[in-house]
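# Summary of the model geometry
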Amino acid sequence: MSNNAAGVDNTFRRKFDREEYLERARERERQEADGKFKSKSKAPPVQRKPLKHRDHDVDLESRLGKTQIVTPIAPLSQQAGYYCSVCECVVKDSANYLDHINGKKHQRALGMSMRVERASLEQVQQRFELLKKRKAPVSFTEQDLDERILKQQQEDEERKRQRREKKKEKKKEKATAEEETELDPDVAAMMGFGGFGSSKK
């Protein structure tokens, strides 16, 4: 047996026709020069805004504790769960809803990338000043303090006066109730009851 087997291709390598691919490359260059062919890589990238703070509060508690009849033909916004109008989907619980609105798919639908804009030193300092102003307690002058003390004393006196009036009213009501319930002992004896079981006389 000879080592040279005629007509058998046992190299298992894919062979390319160089002439065919050269012709394809020339055709593509001609189309690019004419402006007919646009490659995907040369298209301008989509510009997205950097992430920013939410300007609205997320409403998680408006439908808490309420019952609702859910029908299969109801629109998505009226089905059970939290409805996202941007992505047009319903999420079943609040934790998943928060994950959804903070997630990549929702942020892209809003036109934002998942990158944060880099803040400058001045912006950070301004933010600190703003937060300090929010936290700083309001300073009171002596006049404000005197006015507040006087107002508090007046309120205390008014409460005490109202308590005294209530006590007087209760005493009056008690006295009128006792007068109404007092019976003549002769009439009580005739009716058959001399007392209500007490041993005192």
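Residues numbered from 1 in each chain as written. Predicted model: local features only at pLDDT ≥ 70, side-chain atom pairs only at ≥ 80, totals over all residues. Heavy atoms only, no water.

The protein is annotated in an unreviewed UniProt entry as Zinc finger matrin-type protein 2 from Tripterygium wilfordii.

## Quick look at the packing of aromatic side chains
For clarity, the cut-off: Here a pair means two rings of Phe, Tyr or Trp (six-membered ring of Trp) with centres within 6.5 Å. Their orientation is stacked below 30 degrees between planes, edge-to-face above 60, and tilted elsewhere. Here's how the labels work: a residue is buried when its accessible area is under 20% of the maximum for its type, exposed when over 50%, partly exposed in between, all with a 1.4 Å probe on protein chains only. Think of it this way: any DSSP run of H or I at least four residues long counts as a helix, any run of E at least two long counts as a strand, and we number them from the N terminus.
In total, this model carries two aromatic pairs according to the counting rule given. Centre to centre, the rings of Phe-16 and Tyr-21 are 5.9 Å apart; their planes meet at 70 degrees, and the pair counts as edge-to-face. Taking the relative accessible area as the measure of exposure, Phe-16 reaches 52% and is therefore exposed. Judged by relative accessible area, which is 36%, Tyr-21 ranks as partly exposed. With a centroid separation of 5.2 Å and 20 degrees between ring planes, the pair formed by Tyr-82 and Tyr-97 is classed as stacked. Of this pair, Tyr-82 sits in strand S2 (residues 82-84) while Tyr-97 sits in helix H2 (residues 94-101), and the two are 15 residues apart along the sequence. Judged by relative accessible area, which is 14%, Tyr-97 ranks as buried.

## Let's talk about the confidence of the model for the protein
The criterion, for reference: Residue-level confidence of the predictor is what pLDDT reports, using numbers from 0 through 100.
In the predicted model, the protein carries a mean pLDDT of 82, and the fraction of residues at 70 or more is 80%. Across the protein, element-level confidence peaks in H2 with a mean pLDDT of 93 and bottoms out in helix H6 (residues 185-191) with 74.

## Let's talk about the pattern of salt bridges
What counts, and what does not: Definition used for salt bridges: Asp or Glu carboxyl oxygen within 4 Å of a side-chain nitrogen of Lys or Arg.
Under the defined criterion, the tally for this structure stands at ten salt bridges. Linking Glu-32 and Arg-28 is a salt bridge whose minimum nitrogen-to-oxygen distance equals 3.7 Å. Placement of the pair is Glu-32 and Arg-28 together in helix H1 (residues 18-34), with a separation of four residues, close to one helical turn. Judged by its relative accessible area of 38%, Glu-32 falls in the partly exposed class. As a salt-bridge pair, Arg-159 and Glu-155 come within 4.0 Å of each other at their nearest N and O atoms. One end of the pair, Arg-159, and the other, Glu-155, are both in helix H5 (residues 142-181), four residues apart, so they sit about a helical turn from each other. Sharing partners across several salt bridges, the network here consists of Glu-23, Arg-26, Glu-27 and Arg-30.

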